[in-house]
Amino acid sequence: MSLSKTEIIRVSYIFNKRADNCIIRSMDFKELNIDEELILKLEENSITEPTAVQKKVVPLIAEHKNIMFQSETGTGKTFAYLLPVLTELKNTPNEKKAVKVMIASPTYELASQIKVQIQKISDIKTALLIGGAPIARQIEFLKEKPEIVIGGPSRLLELIHLKKLKADDVNVLILDEADRLLSKEMRDETKGLLDRLPQKVQLIGNSATVSEFTRKTLQDARETDKIELVTLPMEDVLRKRITHWAIYAEKRDKIDTLRSFINAEKPEKLIVFTSKSDQIDNITGKLQFKKIECEKLSGKSDKRDRKAAIDRFRSGKVKVLITTDLTSRGIDIQGVTHVVQLDLPESEDFFIHRAGRTGRNGSCGINCVIGDAKEMQRYANLEKKLKLCVYPKVLFKGEVTDPSRLELAKE
């Protein structure tokens, strides 16, 4: 069948119109009413489209609702609360230059990272107030009239008690990693901080594993308007973007197995987790003795040493970071290709947080558990519970491979 020129134009028009109707238009930050200067800064950081959690949460925060929101690791939770809060700060006069936003964080590393995220897109004055650092210097920071303060609940509370941090004008309290802040170990300090803030303060909490229990704990701790629990549909980061491996090793052989794993995989960036803080020096020392450069990070480390370790790892100067669960929550380090768990944590939440240090922002990664017989059985149970697919692996001739290859070599 031949078509005339007019018919070809007509047909092209019909199909082009049909294609136009089929296009699914994606939402942009302008539609979320984010400040234009912030949008430009986001674009400079190659962020051009809001994530699912940002689309859901930003409007609720902009409406000044009290919310707890849950979304998987690596889905953009930090900007989900920062963007509407920064937009409001930029467009609301603050003649007294008072502290308007308080962000509580369970670790120095996460608090520091939040500040970095703010500085990427805004010049709003922000102070980092964390325990273990000289309080006199932080008092000097407060004299510079920051509008945002970030820190651990105990240090924030201490500065309020000393009347160095004025909380009367705080409009927003953000609990980053809310389930950790409301856990048994930190609950009293977090509740104490809540008690010292104005009743009108907007409450925002988030975590990858926040629960109804966490929401109710916060609701019971403060007589305020209803706190809404917002949960995002699973994006299956744990299953779709992360490949899970299991390598058997007796306890005494784990570090040697780890060394062989590193030599075989040559990871771009690897985070090694252990629940035993007293093993950090041992693991680091043995790897360094075998000429594998690595950094260590634990709660016992000096704050400056911790910052230096994170900075060297983040920049890629070293490719291996040995740490406790201190680093399992909230820390976003680009380019982590591998996670190794040298033991299984008691809580499945910690397993999820650990694994979630890789496979972030649309990338893929490998999570490997190196464990003994008992841990392998627990891992098998966790595989069923979390609906994972765990691949058993062995180290053979300098490679990480399937056990079947080892069996074939024996024949």
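Residues numbered from 1 in each chain as written. Predicted model: local features only at pLDDT ≥ 70, side-chain atom pairs only at ≥ 80, totals over all residues. Heavy atoms only, no water.

A. Quick peek at the overall build of the chain. Scanning the chain from N- to C-terminus turns up 17 helices and 15 strands. Each of the 411 residues in the chain was classed as buried or not, and the buried ones make up 51%. Partitioning the contacts of the chain with sequence separation of at least 6, the portion at a separation of at least 24 is 72%. Here the chain displays about 21,000 Å² of accessible surface, and carbon together with sulfur accounts for 50% of that area. (Helix = DSSP H or I, 4+ residues; strand = E, 2+ residues; numbered from the N terminus. Buried < 20%, exposed > 50% of the residue type's maximum accessible area, 1.4 Å probe, protein only. Contact = heavy atoms within 4.5 Å. Areas by Shrake-Rupley, 256 points an atom, 1.4 Å probe, with all protein chains shown as cover.)

B. Looking closely at the pattern of salt bridges. Throughout the structure, instances matching the rule amount to 19 salt bridges. The salt bridge partner of Lys 251 is Asp 372, with a shortest N-O separation of 2.6 Å. On the criterion of sequence distance, the pair formed by Lys 251 in the loop between strand E8 (242–248) and helix H12 (254–265) and Asp 372 in the loop between strand E13 (365–371) and helix H16 (373–386) is long-range, its members being 121 residues apart. You can call Asp 372 buried: its relative accessible area is 8%. In this structure, Lys 393 and Asp 402 form a salt bridge, with 2.9 Å as the shortest nitrogen-oxygen distance. Assessed through its relative accessible area of 38%, Asp 402 is described here as partly exposed. Salt bridges linked by common partners bring Lys 276, Asp 325, Asp 343 and Arg 354 together as one network. (Salt bridge = Lys/Arg side-chain N within 4 Å of Asp/Glu carboxyl O.)

C. Layout of the sheet that holds strand E11 (residues 320–323). The strand order across the open sheet built from 8 strands is E10-E11-E9-E12-E13-E8-E14-E15, with neighbouring strands paired in mixed fashion. The sheet terminates laterally at strand E10 (295–297) and strand E15 (399–401), the two strands that pair on one side only. Averaged over all pairs of adjacent strands, the angle between strand axes in this sheet comes to 25°, irrespective of strand direction. Where strand E9 (residues 270–273) lies against E11, 4 bridges are found, and the strand directions are parallel. Paired with Val 272 across the bridge in E11 is Ile 322. (Pairing = 2+ DSSP bridges. Axes fitted to C-alpha atoms, helices over the stretch in contact; angles between N-to-C directions.)

D. Local environment of the confidence of the model for the chain. Per-residue confidence for the chain gives a mean pLDDT of 86, with 90% of residues at or over 70. Here helix H1 (residues 5–22) stands out as the element of the chain with the lowest mean pLDDT, 41, in contrast to strand E2 (residues 101–104), whose mean of 98 is the highest. Counting contacts from residues 1–25, a segment whose pLDDT is below 50, to residues more than four positions away or on other chains yields 4 contacts. (pLDDT = per-residue confidence, 0-100.)

E. A look at the sheet that holds strand E4 (residues 148–151). A sheet is described by the order of its strands in space; here 7 strands give the open sequence E3-E4-E2-E5-E6-E1-E7, paired in parallel fashion. With one partner strand each, in any of the chains shown, strand E3 (126–129) and strand E7 (228–231) form the two edges of the open sheet. Ignoring which end each strand starts from, the neighbouring axes of this sheet average 15° apart. By the bridge criterion, 4 bridges tie E2 to strand E5 (residues 172–176) in an arrangement that is parallel. Across the sheet, Met 102 pairs through a bridge with Leu 173, a residue of E5.

F. Layout of the packing of aromatic side chains. Taken as a whole and judged by the stated rule, the model has 2 aromatic pairs. With centroids separated by 6.3 Å and ring planes inclined at 75°, the aromatic side chains of Trp 245 and Phe 261 adopt a geometry described as edge-to-face. Of the two residues, Trp 245 sits in strand E8 while Phe 261 sits in helix H12, which places them 16 residues apart along the sequence. For the pair Trp 245 and Phe 261, one class covers both residues: buried. Stacked on the ring of Phe 313, the Lys or Arg Lys 269 has its end atom at 6.0 Å from the ring centre. (Phe/Tyr/Trp six-rings, centres within 6.5 Å; stacked < 30°, edge-to-face > 60°. Lys NZ or Arg CZ within 6 Å of the ring centre and 35° of its normal.)

G. Summary view of helix H6 (residues 135–142). Gln 138, Ile 139 and Leu 142 are the residues of H6 that are buried. One face of H6 carries all of its buried residues, which in axial projection span an arc of 105°. Opposite the packed face of H6, turned more than 90 degrees from it, sit the exposed residues Ala 136 and Arg 137. Packed against the buried residues of H6 are E3, E4 and helix H7 (153–161). (Arc of directions from axis to C-beta.)

H. The side chain of Gln 341, seen in detail. Among the structural elements, Gln 341 can be located in strand E12 (residues 338–341). Aside from chain neighbours lying at most four places away, what touches Gln 341 is Phe 273, Phe 351, Arg 354, Ala 355, Asn 367, Cys 368, Val 369 and Ile 370.

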